[in-house]
Amino acid sequence: ASTAQRVSSIFRPGLFKNKVAVVTGGGTGIGKAISQELLHLGCKVMIASRNKEVLASTVQQLREQIQPGNTAEIAHIQCNIRKEDEVKNLISGTLAQFGSIDFLINNAGGQYQSPASQINTKGWNAVIETNLTGTFICCREAFNQWMKDHGGAIVNIILVTFRGIPTMSHSGAARAGVDNLTKSLAIEWAQNGVRVNSVAPGRSIYTESAAAIPGYDKVFAEAIPANPAKRLGTVEEISAATCFLLSPAASFISGVTLKVDAAGGLYSTSWDIPHHNKIPAYKWSEESDTENTKSKL
Ligand code: ADE
């Protein structure tokens, strides 16, 4: 496991004093950075992931970073978010340990790269179950066990999906599902004092977990020229957006997906399509044809 970055924050020390957060996928990458910043701001953080060894080592690293006088605490519960019983246990275990749940950060997720034609049903279902169904179950359990009577704030970490995600169609479909779930829950749970938002990184946030995906070095290499900022984004930039949405600064913000991609999603496609003539124009007669609809092949 990597060593933890020294943590600092743009937000005021003590901002989240006496708050409690559950961070899924909190052992590595974006989830780890969010956990670090929440701790730095005084939050009690329960990190969850499937991997016990990673959890234990991250907890140890992050606990050592807590400064004297900061009442932040960190603990972990092993949880596969695809398993309903384990999610129920994550939420009830957090309540047993820390007494409340103010924030839920649904960061756990994952996918692999594959052309859609090569995704088998098992792989498709696995990605949907983790990224969409698992996120839903975490939201539902946090709500039913705590937030419905006490309010709270939920942030789902998804991906920019506006242009589709070629080579990750399963994940794109799941993340777009979470984007829409965010809106439904924001409306249904407003009367319980629960705000629900999402943060959508582009493909361009550098994390070790992403770098470990076979072929992802190419994605990173292509992401730099394709982004208006001409660089990759950092986990700190995702964490800052998340902390903002959790904070009272966002008290009138619910149901949104905040893209954190430096306009990369607006700028260009990362998917090359060779010139072809496989989608001929619809026309009433040859006379209506113009130069523009003729193949240049
Ligand atoms: N991270 C990736 N997949 C996960 C899962 N199913 N449960 C928890 N964390 C995960």
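Residues numbered from 1 in each chain as written. Predicted model: local features only at pLDDT ≥ 70, side-chain atom pairs only at ≥ 80, totals over all residues. Heavy atoms only, no water.

(A) The pattern of salt bridges, seen in detail. According to the stated counting rule, one finds seven salt bridges in the structure shown. R140 is paired through a salt bridge with E84; the nearest N and O atoms lie 2.6 Å apart. Of this pair, R140 sits in helix α4 (residues 121-150) while E84 sits in helix α3 (residues 84-98); the two residues are 56 residues apart in sequence, bridging distant segments of the chain. Of the residues examined, R140 reaches a relative accessible area of 22% and is grouped as partly exposed. Given a relative accessible area of 36%, E84 falls into the partly exposed group. Between K148 and D149 there is a salt bridge whose closest N-O contact spans 3.7 Å. With relative accessibility at 58%, the residue D149 sits in the exposed group. (Salt bridge = Lys/Arg side-chain N within 4 Å of Asp/Glu carboxyl O. Helix = DSSP H or I, 4+ residues; strand = E, 2+ residues; numbered from the N terminus. Buried < 20%, exposed > 50% of the residue type's maximum accessible area, 1.4 Å probe, protein only.)

(B) Region of interest: the environment of A281. By the element assignment, A281 lies in the segment after α9 (264-267). Between the C-alpha atoms of A281 and R140, which are 141 residues apart in sequence, the distance is 48 Å.

(C) Structural context of the pairing of strand β5 (residues 152-157). Among the six residues of β5, six are classified as buried, and the element is accordingly described as predominantly covered. On β5, burial covers both faces: G152, I154 and N156 on one face and A153, V155 and I157 on the other are all buried. Here strand β4 (residues 103-106) runs beside β5; their pairing, made up of four bridges, is parallel. Its bridge partner being in β5, F103 is matched across the sheet by A153. (Pairing = 2+ DSSP bridges.)

(D) Broad picture of the site of the ligand. All residues adjacent to the ligand are R50, C79, N80, I81, R82, A108, G109 and T130. A distance of 3.3 Å separates a nitrogen atom of the ligand from a polar atom in the side chain of R50. I81 places a polar main-chain atom, nitrogen or oxygen, 2.9 Å from a nitrogen atom of the ligand. Computed on the free molecule, the ligand has an accessible area of 260 Å², of which 88% lies beneath the protein chains in the complex. In terms of residue class, the shell around the ligand is made up of three nonpolar, three polar and two charged. (Near = heavy atom within 4 Å. Polar contact = N/O pair within 3.5 Å; in protein donor to acceptor, adjacent residues only side chain to side chain. Areas by Shrake-Rupley, 256 points an atom, 1.4 Å probe, with all protein chains shown as cover. Nonpolar A, V, L, I, M, F, W, Y, C, P; charged D, E, K, R; others polar.)

(E) Molecular detail of a positive patch on the surface. A cluster of like positive charges, contributed by R50, R82, K83 and K122, occupies part of the molecular surface. Mapped onto the secondary structure, R50 falls in the loop between β2 (44-49) and α2 (52-65). With relative accessibility at 54%, the residue R50 sits in the exposed group. (Patch = residues over 30% accessible without salt bridge, like charges linked within 9 Å, V, L, I, M, F, W, Y side chains within 5 Å. Lys, Arg positive; Asp, Glu negative; His and termini not counted. Charge placed at Lys NZ, Arg CZ, Asp CG, Glu CD.)

(F) Structural view of helix α8 (residues 235-246). Given a rise of 1.5 Å per residue, twelve residues ought to cover 16 Å, and the 17 Å separating the end C-alpha atoms of α8 matches this to within 8%. Within α8, burial applies to V235, I238, S239, A241, T242, C243, L245 and L246. Contact partners of the buried residues in α8: α1 (29-40), β4, β5, β6 (194-201) and β7 (257-260). (Expected span 1.5 Å × (residues − 1). Contact = heavy atoms within 4.5 Å.)

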